[in-house]
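Close look at the chain arrangement
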Amino acid sequence: MIDSSRRAVLATGAAAAAASAVPQVFAQAQPAGAVPGLPDGAKVGFYEKGGVRIRYAEIGSGFPLLAVPGGGLNSCIAVWARAVINIPDEFKNDFRVITMDQRNATGGESTGPVAVDDPWGAFADDQLGVMDHLGIDRFFFFGNCIGGPFAMKLMERAPQRVTAAILSQPVGHNPANPDYMYDAGKTVWAKELRERRGDVSMETIEKYLHNLYRVRPDFVYSVSRDFAKSCQTSMLVLPDDVDAHPLVTSIDVASLCQNAEITVFPWKEPPELKARTINRARTFLKRHQAA
């Protein structure tokens, strides 16, 4: 059970690929050009392994920061153009920022099988595969929206590689609207996927969404509360409170994870407060560079 005094304080303050597996990888960097959401100077490439093809982009130099945009299952590079914090643009002078289209996201160029049996693990494999392809071992992680569950899964799958993580407006189970993410995936993402991929049946999609959002209908979906209690990774949580990003999820992450901090809530307005929050995120990451 969460310590009630810590919850109150927080509320108010509101792995690498196996050595024996040698994937086929091909990538050719090219100017970002007209890719929405990317600042000038970004480079775009592709990582391929088996039936998976992932588009990624990078900009800047320094300690690596893998940044995942929001958008639910339509998490793709273009989403940065309308994100509350455009990480590639905001942090390009501080870190080597890597971002990517998630597998089968509408608006992106990443494709692959619909991983019914282990959907959260498949996303983690894609993300770690990109970092392996780039020769990056340890890195920071910034996850917006669905990037919250991604972050927790990465820390479970490869804790030694994620030096520190920021969970911004994390997706999680909403007790007031428990099927919100499942329904959104079925009515929006599934329809768009079926238009592109007639080979994927609705039955397969429903099983996939079930395993994403209904097998563990609690917390951040991708990991258990017991894992969160054991997680040692340093985290900073930027909370939100909408159907997809319930405030209780941010508070639970910060309450359960031993080395988690949480910002004030709300933090997106006024502009001065948002700027201070972004600066806090930057300072938080830089503090952990030598870790």
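Residues numbered from 1 in each chain as written. Predicted model: local features only at pLDDT ≥ 70, side-chain atom pairs only at ≥ 80, totals over all residues. Heavy atoms only, no water.

**Topic: the pairing of strand β8 (residues 234-238)**
Burial analysis of β8 places 5 of its 5 residues in the buried class, which makes it a mostly covered element. The alternating pattern of β8 places Ser234, Leu236 and Leu238 on one face and Met235 and Val237 on the opposite face, and all of these are buried. As paired strands, strand β7 (residues 162-168) and β8 are joined by 5 bridges and run parallel to one another. If you follow Ser168 over to β8, its bridge partner there is Leu238. Pairing analysis gives 3 bridges linking β8 to strand β9 (residues 260-262), with the strands arranged parallel. (Buried < 20%, exposed > 50% of the residue type's maximum accessible area, 1.4 Å probe, protein only. Helix = DSSP H or I, 4+ residues; strand = E, 2+ residues; numbered from the N terminus. Pairing = 2+ DSSP bridges.)

**Examining the environment of Thr263**
When you line up the elements, Thr263 lands in the loop between β9 and α9 (271-287). Spatially, the C-alpha atoms of Thr263 and Ala281 are 9.4 Å apart, while their sequence positions differ by 18 residues.

**So, the packing of aromatic side chains**
For the structure shown, the criterion picks out 10 aromatic pairs. Ring centres of Trp120 and Phe150 lie 5.9 Å apart, and the angle between their planes is 70 degrees; on these two criteria the pair is classed as edge-to-face. Here Phe150 lies in helix α4 (residues 147-157) and Trp120 lies in helix α3 (residues 119-133), a separation of 30 residues in the sequence. Classification of Trp120 by relative accessible area gives buried; the value is 5%. Note on Phe150: relative accessible area 1%, which makes it buried. Aromatic side chains Trp120 and Tyr213 sit 6.2 Å apart centroid to centroid with 80 degrees between the ring planes, which places their arrangement in the edge-to-face category. One end of the pair, Trp120, is in helix α3; the other, Tyr213, is in helix α6 (residues 202-213), and 93 residues separate them in sequence. The burial state of Trp120 is the same as that of Tyr213; both residues are buried. (Phe/Tyr/Trp six-rings, centres within 6.5 Å; stacked < 30°, edge-to-face > 60°.)

**Quick notes on the packing of helix α5 (residues 180-196) against α6**
Where α5 contacts α6, the two axes come as close as 10 Å, and the packing angle between them is 145 degrees. Read as a crossing pair, α5 and α6 show a hand that is right-handed. Where α5 approaches α6, its residues Met181, Tyr182, Gly185, Lys186, Trp189, Ala190, Leu193 and Arg194 are matched on the opposing element by Met202, Ile205, Glu206, Tyr208, Leu209, His210 and Tyr213. Looking at side-chain class alone, the contact of α5 with α6 contains 10 nonpolar, 2 polar and 3 charged residues. (Axes fitted to C-alpha atoms, helices over the stretch in contact; angles between N-to-C directions. Left-handed = near helix turned anticlockwise from the far one by under 90°. Contact = heavy atoms within 4.5 Å. Nonpolar A, V, L, I, M, F, W, Y, C, P; charged D, E, K, R; others polar.)

**Overview of the packing of α3 against α4**
Two elements in contact, α3 and α4, have axes separated by 9 Å at closest approach and are oriented at 75 degrees. By the angle between their directions, the pair α3 and α4 is classed as roughly perpendicular. Where α3 approaches α4, its residues Trp120, Gly121, Phe123, Ala124, Asp125, Gln127 and Leu128 are matched on the opposing element by Pro149, Phe150, Lys153, Leu154 and Arg157. Among the residues forming the contact of α3 with α4, the class breakdown is 7 nonpolar, 2 polar and 3 charged. (Parallel < 35°, antiparallel > 145°, perpendicular 65-115°, else oblique.)

**Topic: the pairing of strand β6 (residues 139-144)**
The two faces of the sheet receive side chains in turn, since in a regular strand these alternate between them. For β6, the tally of buried residues reaches 6 of 6 residues, placing the bulk of the element in the interior. Residue alternation in β6 divides its side chains into two sets, Phe139, Phe141 and Gly143 and Phe140, Phe142 and Asn144, and both sets are buried. Strand direction decides the pairing type here: strand β4 (residues 64-68) and β6, joined by 4 bridges, are parallel. Of the residues in β6, the one forming a bridge with Ala67 is Phe142. One ladder, built from 6 bridges, connects β6 with β7; its direction is parallel. Note on β7: the bridge partner recorded for Gly143 is Leu167. Crossover β6 to β7 through α4 is right-handed. (Right-handed = clockwise from strand over helix to strand, strands pointing away.)

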